[in-house]
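# Summary of structural features
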Amino acid sequence: MKERIDALLAEIRNAAEQLKDEDTAEQFRIAYLSRKGGIAQLFEDLKGVPKEVKPEMGKALNILRQQTQAILDTAVENLRQSQKSSVAGLDVTLPGRAVSRGHKHIVSATIEEISDIFRRMGFSIADGPEIETDYYNFEALNFAADHPARDMQDTFFLSDSHLLRTHTTPVQVRLMEQYKPPIRAIFPGKVYRNEVISARSHVQFHQVDGLFVDKGVTFADLKGTLITFAKMYYGSSLKYRFRPSYFPFTEPSAEMDISCYLCGAKGCRVCKYTGWLEILGCGMVDPNVFSFVDVDPEEYSGYAFGIGIERTAMLRHGLDDIRLLFENDMRVNHQFN
Ligand code: DAH
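What comes next is a walk through the structure.

Procedures and definitions
Residues numbered from 1 in each chain as written. Predicted model: local features only at pLDDT ≥ 70, side-chain atom pairs only at ≥ 80, totals over all residues. Heavy atoms only, no water. Axes fitted to C-alpha atoms, helices over the stretch in contact; angles between N-to-C directions. Helix = DSSP H or I, 4+ residues; strand = E, 2+ residues; numbered from the N terminus. Parallel < 35°, antiparallel > 145°, perpendicular 65-115°, else oblique. Contact = heavy atoms within 4.5 Å. Nonpolar A, V, L, I, M, F, W, Y, C, P; charged D, E, K, R; others polar. Pairing = 2+ DSSP bridges. Near = heavy atom within 4 Å. Polar contact = N/O pair within 3.5 Å; in protein donor to acceptor, adjacent residues only side chain to side chain. Areas by Shrake-Rupley, 256 points an atom, 1.4 Å probe, with all protein chains shown as cover.

For the pair helix α5 (residues 106-120) and helix α10 (residues 309-317), interaxial distance at closest approach is 9 Å and the crossing angle is 95°. With respect to α10, the axis of α5 lies roughly perpendicular. The residues of α10 that touch α5, namely those facing Ile 106, Val 107, Thr 110, Ile 111, Glu 113 and Ile 114, are Ile 309, Glu 310, Thr 312, Ala 313, Arg 316 and His 317. Considered class by class, the residues forming the contact of α5 with α10 number 6 nonpolar, 3 polar and 3 charged.

As structure tokens, then:
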């Protein structure tokens, strides 16, 4: 009897592994737990077992019945669970699909990175209007009404007196009107020019201008700050140079070049085979600008600089067409996260 009980338990365990749906579960129940099933049959046969072992065998049979019921209950519950998930169209065993979290646009990221470097050097961040007056955009920056320098910038005029600012430099006038020196700030933002859209120019782009006005500010301070910026942004091993230039609002004026890191200054398409990349314009604030905002040039001096954001981003990431930054082609954008 004992052997038959053990054999039946082994058979039941084996059969339980084959259960795959409600039909096979029902067959299992009938085969082992019904009134005509294998266990009932053994109970029947218990009658012929010798008296001395009967209680022990009866107990073993009861345990076998409980075990079998438990095996069946567990199997049925598992089947229900897996059915539930497939009904909801869910296969919980599939690997998850990553959700794209999005990321900053390369222009925003460039503005933030540049701002961060200047913030660490003690500059605050300032802001100004995109619709400017002729006064702030030109006149107070020492562009005389008939000055040919006005032709340097192709302007979108909104009326005789209002225009879309052509650079972020007018914010320096607004700051000096509002605050007494020392003033140390940068002002990033959008600018507009009436230009033909091409690989090199666009009608709307971004600049960041900077201004530092205090007693005793010199061209050496300007160089120290801008060299520090360039090394932090482009890499500490670069070479640099300042070339004389002209802007109406600075005197003297300069443009800063760094050695072309794309070709190791050997000469390539990006540096136009010169080995140098122009990265910004700068200079000492012209005393004429101070006279518009009531800062005494005998007491104070200052430097200013202007950086083109798109140009910076293109140099840094090796892009050769400014339009790539504004077309929102995800195949481009996703490369810069
Ligand atoms: N405003 C100039 C431009 O749009 C850039 C510039 C040059 C800004 C020299 C400055 C500066 O503040 O000092 O091209």
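Once that is clear, we can look at the sheet that holds strand β4 (residues 183-192). If you walk across this open sheet you meet the 7 strands as β1-β4-β5-β9-β8-β7-β6, and the pairing is mixed. The outermost strands of the open sheet, each flanked by one partner alone, are β1 (124-125) and β6 (240-247). Sheet topology places strand β5 (residues 204-214) next to strand β9 (residues 301-308); 8 bridges connect them, and they run antiparallel. The residue of β9 that forms the bridge with Gln 207 is Gly 308. Of the strands in this sheet, β1, β4, β5 and β9 are in contact with α5, which crosses β4 at around 165°. Along the sheet, helix α7 (residues 170-178) contacts β4, β5, β8 (276-285) and β9; its crossing angle with β4, the most-contacted strand, is approximately 140°.

In the vicinity of the ligand, 15 residues are found, and the nearest of them are His 167, Thr 169, Arg 193, Gln 207 and Asp 209. Within the side chain of Asp 209, one N or O atom sits 2.7 Å away from an oxygen atom of the ligand. For the ligand, an oxygen atom lies 3.2 Å from a polar atom in the backbone of Phe 305. Computed on the free molecule, the ligand has an accessible area of 360 Å², of which 90% lies beneath the protein chains in the complex. Of the residues contributing to the shell around the ligand, the split by class is 5 nonpolar, 8 polar and 2 charged.

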